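# Descriptive analysis of the structure
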Amino acid sequence: MSERPKAPRGTFDVLPEQAALRAQVEAVARGTLEAAGYRRIETPAFEQTDVFQRAVGESTDIVQKEMYTFEDGGGRSLTLRPEITAPIVRAYLEHGMHKLPQPVKLWYLSSCFRYERAQAGRYRQFWQIGAEALGSDDPAVDAESILLLHTILGDLGVAGVRLRLASLGSHESRARYRELLTAHLRAHEDRLSDEVRERIDLNPLRAFDSDHPATREVMASAPLLIEHLGAEDLDHFAAVREMLDAAQVPYEVDGTLVRGLDYYTRTVFEFTSDALGAQSGVGGGGRYDGLAEQFGGAPTPGMGWAAGIERILLAAEHLAAREPVCDLYVALADGTAAARIAGFALAAHARRAGVATQLELGGRSLKGQFKQADRCGAAFVAILGSEGIELKDMQSGEQQALESASAVISYVLRGRHADA
Ligand code: AMP
């Protein structure tokens with residue numbers, strides 16, 4: 001016999017209990033974001049490969065080794081989205097959203113795909129919830145965006161949260177700083193890991209992310225970008241910090257914070273949770289003022305973040321799955337065809353009247369049916385038999401004969417409203 005297929009490595013099925021928890025994360029995030037004027041957007045699961053190559057950056061881990069890229073039947077190179085900021089900027093330009101009042105505030109919840117080493121909290125298909133504000137470089141946009149994620153993580157009870165904050169400055173100050181950092185790395189080249197050494201010219205900032213002990217020592221004395229920002233970048237960063245202070249959002253300034261995507265400018269941040277293991281990043285983001293131009297658009301500032309749903313679920317304490325409601329369970333006292341049809345019709349009418357109804361479908365004994373009704377948390381059980389319809393109130397245990405389906409439905413609706 002051939003082996004039964006399994007979900008691909010690094011992917012998982014979202015089973016009903018987990019789907020219920022995810023729905024709660026979504027509800028909390030949507031509540032906070034929509035109340036702040038963010039509206040949902042959904043982009044395709046794949047884009048032209050070029051969208052990510054240009055935006056995320058040729059030298060990044062994502063583009064170099066993590067993209068699921070394929071050629072379609074027409075010979076086009078397409079890539080399953082590894083992140084969603086670039087597709088949103090693409091959509092903003094494509095749909096002329098610059099004509100709308102700025103900033104345009106969008107949120108999303110969609111899956112992303114990265115060919116990463118699978119482990120707890122790191123998957124090859126994972127879900128990101130995110131928010132992007134395009135069209136304003138006001139530092140209040142940065143502070144508000146960070147505050148929104150802070151609020152969502154707080155409301156979900158994500159444990160041991162820390163916020164690290166930095167500024168990467170403009171592309172110009174970054175280019176100047178890159179030269180300083182490259183010189184520092186060259187001066188200590190013999191102590192660096194092979195991977196860092198090979199990428200000195202390509203992406204020197206990534207050296208801050210290395211786990212290699214000798215590399216870490218070299219990086220401890222490296223110049224920091226945050227100490228080489230221009231005056232305007234410093235003013236912007238100070239204003240963001242002042243607003244976060246005013247909103248009482250705690251953070252640490254961390255000049256070693258480097259995000260794995262090239263498009264960031266100025267503010268960058270990351271929330272981590274002590275409740276997570278090695279993969280401690282819950283969510284992060286930053287400003288990307290040059291991204292629209294990389295797509296050939298007019299200069300358009302942008303700011304946003306993404307948080308991983310799986311990481312939130314691993315670290316959240318307040319989440320409990322809400323069970324589906326069952327107002328009425330339709331049971332069959334005997335298996336006669338007439339009772340089965342009457343039961344089916346009762347369930348159909350009850351549902352039309354807005355009663356959450358489940359129908360016996362398992363061919364159980366009457367005792368088994370009551371057990372099942374209990375498992376579903378049914379408020380009432382209607383028992384259909386040759387004698388007519390009996391309705392049992394599962395809370396009080398009272399049972400009574402009722403003459404018609406509509407009498408059952410009115411009774412259940414009254415009972416439900418009395419409960420509410
Ligand atoms: P990034 O786009 O890399 O900044 O990631 C933003 C957030 O997405 C991270 O903080 C994680 O919560 C989540 N995330 C990123 N990569 C993965 C992955 N491979 N598996 C699960 N979650 C991820």
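Quick summary incoming for the structure in this document. Predicted, not measured: the structure shown is a model, and the values here were computed from it.

A word on the pairing of strand E16 (residues 399–402). In this structure, strand E15 (residues 388–393) lies alongside E16, joined through four bridges in antiparallel fashion. The partner of Ile-389 across the bridge, within E16, is Leu-402. Counting the residues in the hairpin turn of E15 and E16 gives five residues, including Gly-397, whose phi is positive at 85°.

Summed over all chains, the structure comprises 25 salt bridges. Of the charged contacts in the structure, one is a salt bridge between Glu-189 and Arg-186, with a shortest N-O distance of 3.4 Å. Accessibility expressed as a relative area gives 35% for Arg-186, which makes it partly exposed. The residue Glu-195 makes a salt bridge to Arg-199 at a minimum N-O spacing of 3.4 Å. The exposure class assigned to Arg-199 is buried, which follows from its relative accessible area of 12%. It is possible to trace a salt-bridge network through shared partners that takes in Asp-61, Lys-65, Glu-195, Arg-199, Arg-206 and Asp-209.

Here the focus is the site of the ligand. Near the ligand lie 14 residues; those nearest to it are Arg-114, Glu-116, Tyr-123, Arg-259 and Val-282. Contact distances for the ligand include 2.6 Å between a nitrogen atom and a side-chain N or O atom of Glu-116. Take Tyr-123: an N or O atom from its main chain is 2.8 Å from a nitrogen atom of the ligand. For the ligand, whose free accessible area comes to 480 Å², the fraction covered by protein is 90%. Counting residues per element, the ones that place at least two in the shell around the ligand are strand E6 (125–134), strand E10 (281–287) and strand E11 (302–308). Here the shell around the ligand takes three residues from E10, the largest share from any one element. When grouped by side-chain class, the residues that make up the shell around the ligand number four nonpolar, five polar and five charged.

Moving on: empty space enclosed by the protein. With a probe scaled to a water molecule rolled over the atoms, the places where space remains empty come into view. The tally for this structure, following the rule as stated, stands at one cavity of 30 Å³ or more. Looking at the largest cavity, the residues that line it are Ala-166, Ser-167, Leu-168, Tyr-177, Leu-205, Phe-208, Leu-225, Ile-226, Gly-255, Leu-257 and Val-258. The class makeup of the residues in the lining of the largest cavity is nine nonpolar, two polar and no charged.

Moving on: helix H12 (residues 337–352). With 16 residues, H12 extends 23 Å from end C-alpha to end C-alpha; this agrees with the ideal 22 Å at 1.5 Å per step. Those residues of H12 lying buried are Ala-339, Gly-343, Leu-346, Ala-347 and Ala-350. Within H12, the buried residues cover an arc of 100° as seen down the axis, which keeps them to one side. Facing away from the buried surface of H12 by more than 90 degrees, the exposed residues are Ala-337, Ala-338, Ile-341, Phe-344 and Arg-352. Once H12 finishes, Gly-354 follows within two positions and takes phi at roughly 90°, a positive value.

Basis of the calculations
Residues numbered from 1 in each chain as written. Predicted model: local features only at pLDDT ≥ 70, side-chain atom pairs only at ≥ 80, totals over all residues. Heavy atoms only, no water. Pairing = 2+ DSSP bridges. Helix = DSSP H or I, 4+ residues; strand = E, 2+ residues; numbered from the N terminus. Salt bridge = Lys/Arg side-chain N within 4 Å of Asp/Glu carboxyl O. Buried < 20%, exposed > 50% of the residue type's maximum accessible area, 1.4 Å probe, protein only. Near = heavy atom within 4 Å. Polar contact = N/O pair within 3.5 Å; in protein donor to acceptor, adjacent residues only side chain to side chain. Areas by Shrake-Rupley, 256 points an atom, 1.4 Å probe, with all protein chains shown as cover. Nonpolar A, V, L, I, M, F, W, Y, C, P; charged D, E, K, R; others polar. 1 Å grid on protein atoms, 1.4 Å probe; cavity = no way out; pocket = protein on both sides within 12 Å on 5 of 7 lines; lining within 4 Å. Points joined across faces, edges and corners; volume = space filled by probe spheres on them. Expected span 1.5 Å × (residues − 1). Arc of directions from axis to C-beta.

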